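Residue strings, one per chain:
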Amino acid sequence: MARTIHAFDGNEIVRAWVEIAPDPAPDQGGCAIGVGTWHTADLPSESDIQAAARHIEIDRELAELTARLDREQRVIAVDTRAADLRQLAEKMRSQPAVQWSELVAFPGLEHRLPLHWRLLDGATCRIDGSAREWTATIVPLGEPTPGSAGFELFLVAQTPLPTQTAPSQSEVSETPIPAIFGQELTPALRQPITRIIANAETIRAKLAGPLAEEYSAYAADIASAGQHLLSLIEDLSDLEVVESDRFSTAPDSIDLADVVRRASGILGVRAQERGINIVPLDQDAHLPATGEFRRVLQILLNLLGNAIRYSPEGSRITLSLSQADGMAQVAVMDEGPGLTEEQIASVFGKFERLGRSDDGGSGLGLYISRRLARAMGGDLIAESAPGQGAMFILSIPARDEP
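Every value quoted in this text rests on a predicted model; they were computed, and no experiment measured them. (Residues numbered from 1 in each chain as written. Predicted model: local features only at pLDDT ≥ 70, side-chain atom pairs only at ≥ 80, totals over all residues. Heavy atoms only, no water.)

(A) Region of the structure containing the packing of helix H7 (residues 256-266) against helix H9 (residues 293-310). Taken N-terminus to C-terminus, the directions of H7 and H9 make an angle of 45 degrees; their axes are 9 Å apart at the nearest point. Looking at the two axes, H7 sits oblique to H9. Remark: the crossing between H7 and H9 carries right-handed chirality. The segment H7 lies against H9, with Leu256, Asp258, Val259, Val260, Arg262, Ala263, Ser264 and Ile266 engaging Phe293, Val296, Leu297, Leu300, Leu301 and Leu304. (Axes fitted to C-alpha atoms, helices over the stretch in contact; angles between N-to-C directions. Helix = DSSP H or I, 4+ residues; strand = E, 2+ residues; numbered from the N terminus. Parallel < 35°, antiparallel > 145°, perpendicular 65-115°, else oblique. Left-handed = near helix turned anticlockwise from the far one by under 90°. Contact = heavy atoms within 4.5 Å.)

Here you go:
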């Protein structure tokens, strides 16, 4: 046996050529090991920018409350599925003129509010209605001045949510169908699965030290499987939400063009990895509309993700905006195999994957997306023909310029 080996001595990477041969004396039953042409190299360090981006992505996955803030750190939109954060979320929604930091407590922080976002990033806070400690992660948006376009807020718990007691009789009567995934399983499963994904990605990227390629590939498989499982859980949770009789959206004034640019930016790297070009919107384009920001973004991420999944390498995905009959519209067009009339008729069905059993999807994305679009007073339709790609058109109510 002869091959190159890689080792790590705590400070440097060691590469060497190793040859192993049976001992010339048959009765000895041993072997001779020869090591040659070895050399050392410094362990490549992760840049500050790469480390910061990785920590933000991990916190984004682990967050049990996410919020979009304006430049003054006032809440524009908030989302949480954690039972002990509902009180905070309601306060944020009912007091949009108040900075989020005034609604929580920062033990040991002696500065007077309001504080610069850099002082709040990474701070530990306590929240009324929750026995857990939370860490705030604040991501500034906008260039060249960070925060000029607002912020993203993530609250990450230091400990999992304790096992919840059985709901009271009044809670049972208010919810005819038990919210199994949304209220119980999703919060319990999301945190351990996201930690598995984060650790697997750390191993895959060899951030903890050198590793044989086959083990890096194993870690990539673990991360991919974890992402698939997490997506399935999120889809089932969303399905439970949109099919509830009490489901409604929180309409707000949004710029549909801005949401489209954010969705294409989030999935741009995935498209590049597959050799697919997402044709960007004009930077000056804007289209005022009325809809819930995170729900519109969720729909567009699903449409773009599907377009990337089914588009051939070297193709393009085109995004276009339009307005007609009081509706603001965005079309996502790919150059994939297209859909037949029968497929178009069934593509928005529950658990419909058009016969694709190995595409990694749950078959719920388009079903949920259409339910969300209609809940916002709009719709989601498909137009296609075999061999001519597919076009999905999202429409939501347009809004007049102020």
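(B) Seen up close, the pattern of salt bridges. Scanning the entire structure with this criterion turns up 14 salt bridges. Of the charged contacts, one joins Lys91 and Asp128 as a salt bridge, the two residues approaching to 3.5 Å between their closest N and O atoms. Remark: Asp128 occurs in the loop between strand S6 (124-126) and strand S7 (133-140) and Lys91 occurs in helix H2 (residues 86-94); sequence separation between them is 37 residues. Note on Asp128: relative accessible area 48%, which makes it partly exposed. Here Asp379 ties to Arg374 by a salt bridge, and the two come within 3.0 Å at their closest N and O atoms. You can call Arg374 partly exposed: its relative accessible area is 47%. Shared partners join several salt bridges into a network, and the residues in it are Glu57, Arg60 and Glu152. (Salt bridge = Lys/Arg side-chain N within 4 Å of Asp/Glu carboxyl O. Buried < 20%, exposed > 50% of the residue type's maximum accessible area, 1.4 Å probe, protein only.)

(C) Representation of a nonpolar patch on the surface. Among the surface-exposed residues, Met1, Ile20, Ile33, Val35 and Trp38 lie close enough to one another that they form a single nonpolar patch of about 580 Å² accessible area. A total of 3 residues in the nonpolar patch trace back to one element, the largest contributor, which is strand S3 (residues 31-42). Along the chain, Ile20 turns up in strand S2 (residues 12-22). Judged by its relative accessible area of 32%, Ile20 is partly exposed. (Patch = residues over 30% accessible without salt bridge, like charges linked within 9 Å, V, L, I, M, F, W, Y side chains within 5 Å. Areas by Shrake-Rupley, 256 points an atom, 1.4 Å probe, with all protein chains shown as cover.)

(D) Quick look at the sheet that holds strand S13 (residues 327-333). Taken together, the 5 strands give an open sheet; going across it, the order is S10-S12-S13-S15-S14, and neighbouring strands pair in mixed fashion. In this open sheet, the two edge strands, each paired with only one partner strand, are strand S10 (277-279) and strand S14 (379-384). When strand polarity is set aside, the average angle formed by the axes of neighbouring strands in this sheet is 20 degrees. Pairing between S14 and strand S15 (residues 390-397): 6 bridges, direction antiparallel. From the neighbouring strand, Glu383 faces S15, where its bridge partner is Met391. Of the strands in this sheet, S10, strand S12 (316-324), S13 and S15 touch H7, which is tilted by about 165 degrees from S12. (Pairing = 2+ DSSP bridges.)

(E) Spotlight on the packing of H9 against helix H11 (residues 365-375). Interaxial distance between H9 and H11 falls to 10 Å at its minimum, and their mutual angle equals 145 degrees. Judged by the twist between their axes, the crossing of H9 over H11 is left-handed. In contact with Arg295, Gln298, Ile299, Asn302, Leu303 and Asn306 of H9, H11 contributes Gly365, Leu366, Ile368, Ser369, Leu372 and Ala373. In terms of residue class, the contact of H9 with H11 is made up of 6 nonpolar, 5 polar and 1 charged. (Nonpolar A, V, L, I, M, F, W, Y, C, P; charged D, E, K, R; others polar.)

(F) Just the sheet that holds S3, in detail. Ordered by their spatial adjacency, 3 strands build an open sheet running S1-S2-S3, and the pairing between neighbours is antiparallel. Edge strands, defined here as strands with exactly one partner in the open sheet, are strand S1 (2-8) and S3. Recorded for the sheet is a direction-independent mean angle of 25 degrees between the axes of neighbouring strands. Where S1 lies against S2, 7 bridges are found, and the strand directions are antiparallel. Looking at S2, one finds that Phe8 is bridged to Ile13.

(G) The packing of aromatic side chains, seen in detail. Under the defined criterion, the tally for this structure stands at 4 aromatic pairs. Ring centres of Trp117 and Phe151 lie 5.8 Å apart, and the angle between their planes is 50 degrees; on these two criteria the pair is classed as tilted. Highlighted residues: Trp117 in helix H3 (residues 117-120) and Phe151 in strand S8 (residues 151-157), separated in sequence by 34 residues. Ring geometry for Tyr215 against Tyr218: centres 5.6 Å apart, planes inclined by 85 degrees, an arrangement best described as edge-to-face. In this pair, Tyr215 and Tyr218 both sit in helix H6 (residues 213-242), 3 residues apart, roughly one turn of the helix. Among the residues examined, Tyr215 registers a relative accessible area of 46% and is labelled partly exposed. Seen from the ring of Phe293, Arg68 lies directly overhead, with NZ or CZ sitting 5.8 Å from the centre. It is Arg309 that lies over the ring of Tyr310; its NZ or CZ is 6.0 Å from the centre. (Phe/Tyr/Trp six-rings, centres within 6.5 Å; stacked < 30°, edge-to-face > 60°. Lys NZ or Arg CZ within 6 Å of the ring centre and 35° of its normal.)

(H) Looking closely at the nonpolar core. Counting 46 residues, the largest nonpolar core has Val296, Phe392 and Leu394 as its most contacted members. Among the elements of the structure, H6, H7, H9, S12, S13, H11, S14 and S15 are those that each provide at least two residues to this core. Of all the elements, H9 adds the most residues to this core, at 9 residues. Listed in part, the 27 residues of the second largest apolar core include Leu115, Trp134, Phe151 and Ala157. (Core = buried A, V, L, I, M, F, W, Y, C linked by side-chain atoms within 4.5 Å.)

(I) Looking closely at unusual backbone geometry. Within the chain, Gln73 stands out as a residue other than glycine whose phi angle is a positive 65 degrees. Its place among the elements puts Gln73 in the loop between strand S4 (65-69) and strand S5 (75-80). Residue classification places Gln73 among the buried positions, given a relative accessible area of 5%. Of note, the phi angle at Asp325 is positive, near 55 degrees, even though the residue is not glycine. For Asp325, the location among the structural elements is in the loop between S12 and S13.

Purely geometric stuff here, so don't read any function into it on its own.
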